[in-house]
Structures are given as C-alpha cells and as structure tokens.
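# Descriptive structure summary
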Amino acid sequence: MAQFFRAKKTTGKGQVFEVSIESLDHTGRGVAKHQGKVGFIDGALPSEQIKVRVLQQKAKLFEGVVEKVVTPSADRVKPFCPHYSECGGCSLQHLEKSAQISHKQLAVEKLFAKFAGIQALPWHDAIASESLHYRRAGRIATYLDKNNKSLKLGFRAAKSKKIVEVQKCAVLNEVYQEVFSLLRGALNSHSQFKSVSHIQLCEADNFPFILLRHTKPIEEKAKQILSAQLPWQVLWDDGSGEVHYDMLPEYQVDDIRFQFKLNNFIQVNAAVNDAMLVQAMGWLQLKNTDRVLDLFCGIGNFSLLMAKRAKQIIGVEGVASSVAMATQNAHTNGIDNAQFFQFDLTQDMASAAWFNKEFNTLVLDPSRTGAYEVLKQLPLAQFEQVLYVSCDPVTLARDSAQIVEAGFTVSQIALMNMFPHTGHIETMALFQRR
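Residues numbered from 1 in each chain as written. Predicted model: local features only at pLDDT ≥ 70, side-chain atom pairs only at ≥ 80, totals over all residues. Heavy atoms only, no water.

With that out of the way, let us pick up the sheet that holds strand β7 (residues 137-145). Here we have six strands laid out as an open sheet, ordered β9-β8-β7-β10-β11-β12, and mixed in their pairing. A strand with exactly one partner marks an edge of an open sheet, and here the two such strands are β9 (163-165) and β12 (233-237). Strand-to-strand twist across the sheet, computed as the mean angle between neighbouring axes with direction ignored, equals 35°. The pairing of strand β8 (residues 150-156) with β9 spans three bridges and is antiparallel. Within the sheet, the bridge partner assigned to G154 lies in β9 and is E165. (Pairing = 2+ DSSP bridges. Helix = DSSP H or I, 4+ residues; strand = E, 2+ residues; numbered from the N terminus. Axes fitted to C-alpha atoms, helices over the stretch in contact; angles between N-to-C directions.)

In this section: the domain arrangement of the chain. Domain annotation of the chain identifies domain 1 (13-75), domain 2 (102-130 + 249-433) and domain 3 (137-237). When each unit is reduced to the centre of its C-alpha atoms, the spacing between domain 1 and domain 2 is 35 Å. Contact between domain 1 and domain 2 buries roughly 440 Å² in total, counting both sides, with carbon and sulfur atoms accounting for 62%. Remark: the boundary between domain 1 and domain 2 carries zero salt bridges. The tally of links from domain 1 across to domain 2 stands at zero residue pairs in polar contact (both at pLDDT 80 or more). Class assignment of the residues belonging to the side of domain 1 that touches domain 2 gives a composition of one nonpolar, four polar and one charged. (Domains from an automatic or database assignment. Buried area = accessible area lost by both parts, 1.4 Å probe. Salt bridge = Lys/Arg side-chain N within 4 Å of Asp/Glu carboxyl O. Polar contact = N/O pair within 3.5 Å; in protein donor to acceptor, adjacent residues only side chain to side chain. Nonpolar A, V, L, I, M, F, W, Y, C, P; charged D, E, K, R; others polar.)

Below, the discussion takes up the nonpolar core. Counting 82 residues, the largest nonpolar core has V179, L187 and I199 as its most contacted members. Among the elements that line this core, the one with the most residues is helix α4 (residues 270-284), at seven residues. Two domains share this core, each providing at least three of its residues, namely domain 2 (102-130 + 249-433) and domain 3 (137-237). Contact partners of V179, with chain neighbours within four places excluded, come to I140, L172, L201, I210 and W232. Core analysis: the second largest hydrophobic core is formed by 40 residues, V108, A116, L375 and L415 among them. (Core = buried A, V, L, I, M, F, W, Y, C linked by side-chain atoms within 4.5 Å. Buried < 20%, exposed > 50% of the residue type's maximum accessible area, 1.4 Å probe, protein only. Contact = heavy atoms within 4.5 Å.)

Counting across every chain of the model gives nine aromatic pairs. Between the aromatic rings of F17 and F62, the centroid separation amounts to 5.4 Å while the plane-to-plane angle is 75°, which identifies the pairing as edge-to-face. A residue pair is termed long-range when its members are at least 10 positions apart, and F17 in strand β1 (residues 16-20) and F62 in strand β6 (residues 61-71) qualify at 45 residues. F17 gets classed as buried once you look at its relative accessible area, which sits at 10%. (Phe/Tyr/Trp six-rings, centres within 6.5 Å; stacked < 30°, edge-to-face > 60°.)

According to UniProt, the feature "binding site: S-adenosyl-L-methionine" (unreviewed entry) maps to Q267, F296, N301, E317, D344 and D365 in the numbering used here. Inspection of the secondary structure puts N301 in the loop between β15 (291-295) and α5 (303-307). Setting aside its immediate chain neighbours within four residues, N301 contacts Y251, F258, Q267, N273, M276 and L277. Within the local environment of N301, its side chain forms a polar contact with the side chain of Y251, the two groups lying 2.7 Å apart. With respect to the helices and strands, E317 occurs in strand β16 (residues 312-317). A residue is classified by how much of its surface remains accessible, and E317, at 12% relative accessible area, is buried. Filtering out sequence-adjacent residues up to four positions away, E317 remains in contact with F296, C297, G298, S322, V323, F341, Q342 and F343. Among the polar contacts listed, one links the side chain of E317 to the backbone nitrogen of G298, at a separation of 2.9 Å. (UniProt positions renumbered as here; feature names shortened; annotations may be inferred.)

Next up, the structure:
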C-alpha cells in the first residue's frame, strides 16, 4: 500500500517573535500586528517593544503572553503580588494604577464609537478606592493534594482550572490577611474537613463572615472545634438546604441598612459601592412625583435609596432569594413606596401586572450579558431618563445604541474602578431624552 507524506499542520503555538504594542483592548491585553495578523498579548503595554510567546494562532489573529520586555513603557511597574505570574486575579498589576483608569476610559470611548457612533463622551471623574485591601468579599478554591493528603487553598490560574496555592492576597480586606494560613492549618486538622470544596468570604459592616461549602457530612463537634479556632463568624453549607445564620450580614449606605445572605449578590468594593450610589442619586435628581422602574434590582441596592426621594419604586429581579431580601430590607427600613417582584426579564414585560405606563425613570444594573433583550421590548418613549450601571463595556456600548436611537443622549458617564489591578471595567451612564 502506497504511503503519502502529509506535512504536519503548524499552529504556531510556542513560537516567539518580537512585536510593537499599539494599544490595549478592553480586557487589558496588549494589541499588536504581525505578518498580517492582529495579536492580543497578556502582560504587554502600549508603546512597548516585546518578545511574545504564542499560545494560540488562527487565520487572522493570535494570542500570546510576554516572553520578554525589550523596551518597557513608562507606565510599567513591578507587580506587588508574589503570585502575579500564576494567579488569574489581578492581571494589570504591571500597569501603574492611574494609567489603569485612563486605559479603561479609552477602552469605553472606542467601544461607544464602534457600537453607538458616539465620538465624544461627557466624562466625570472616575470613582475609585484604595487599590489594596478593597475587597470585602471573595471566594477561595480548594483541592486535595493526593500525594500528602492535605487540603490546599488558593485561586484559579488565568484561563485554567488549575488552582494556584496562595499565601496572602493583598486585595482582600485587612481582616482576611491571615485567612490562608489559618484555614490551611484548621482544615487539615481533621479528616472530615477534606470535603470542603470552596470557601466564601464577606466582611459585612456588623461582622466578618466565612462560609465553608462541603460535599460530605461534618460532625457538629468538629464544626464547633474549627469555629473556635477562627476569628470570623463561620457558616456551613452542605448544599442540601438553607444555611443557618445566627445573624445576617449587613452594610449601610446613608441611613439605609441592607441585610443579605452570602448567596445574594453584593458589590465587593464597599467604598466604590457607596460612592456609586451617591453619584446615582445626584445624577437622577429624583423628585417626589417620579416613578422609577429598577430592573435587575438585586437586594435593593439602588431601589431603597431612590425610594427615599421618589414617589414609587418598582424593583424587578430574576433571583427569588434576592427579591425576598429586597422586600425584607424595605420593611426593615420602614420604606412602603418600594415593591419588588420576581420576573424573567426575557419575557414580555408589557403584560406583567407590575408594569406601569406612568414610569418616567428607568434604572438598569444587568449582568455582563447586558440589557439588550429588555431594551428591545421596553416602551422607551415613556421614560425621561435612563440610568445604566454596567459591568461590561461591550454590552453597555451595544445597548447604548438602542437607547440613543430611541431619542436619548448620553448626558453623564463615569468609570467606577470597582476592581483595581484587573481588566474589569464598570461604568455608569445617564441618558436623558433629547
């Protein structure tokens, strides 16, 4: 039988070559061109000459990481974390912190120009916090080292399921600076704790909490022994029912007290969340005749502050536990002009019993997928202003095109640097009817 030689396909993976970095994309990757292809390079900065190692290559683009910085940017700084090269968390530590904000603002401008045709935006100063010890909440991964049968703790590596063992994390709040060493010792003190699959942290205003999720039963006596070793309120979750709380976590903004459970979404940067809410109230300038529709309302983070100023607030959220907590928070704070409903916001809202044609203000705080489907079905003509709080600049820019087309203009916009040293971009934009 004749055998024919077939040349192996070359993927280019592992190839190293030199490029000039032109800009950053909206995720913080350096952008370069090489032999007719566009490259996206982790760890590279604009104006740098670098050697890139290719991780993946396609017909018109390639992805890679910095192999060597030949000519560094003036904005390049030494990363502060010893786990920086492995951990998938703070990917922009190599970029000076004020330059991070400038990059994020430029990224938003480019996306608005591309999707909404808006070339100039009315920027306000970015909302920022301290760049270290800003996270009141976080999640630690665990894995069992089968060689020495010990439980390891850390964070996931970038673009990988691998867990990087961590000793300390400088962006977690001060109260959790010893969390890895204390938990590493405590969880390895008893065989039953080897079933802990991950750990959730949250420093509420009333107490720091830690929740241990486990896949097998743990005796009550063992739980009590571990809890006594730790300086936090310890919660347990075996996945079979409700987590027991001796007291609910809470935070306060102005005179509003927000209670929540650790499965509810809250903003992890308390300082930026507080400033974000103050800015939103200042921009909206609500009057006691205004009726507000707050979609993706969560536990009432925006709704309850707006209720102190407006005539009526209707908050809508898809997650039942968040709706229950928002309703409870309204009652706790003596607020009777805010109502909350669970509703699938991909469904027809015009037929929903809570929908009111007298709404004149719309507030949107969607997930990364944005509010495109919601905006397609909403009668936008009835609103005088739309406040859009975004955690993804691509979907914000895309959705802004719909809002502008409906007769609105961007009157105010600001970055909210919720996650310093990362590529995450959070933005608030106010649209007012022309």
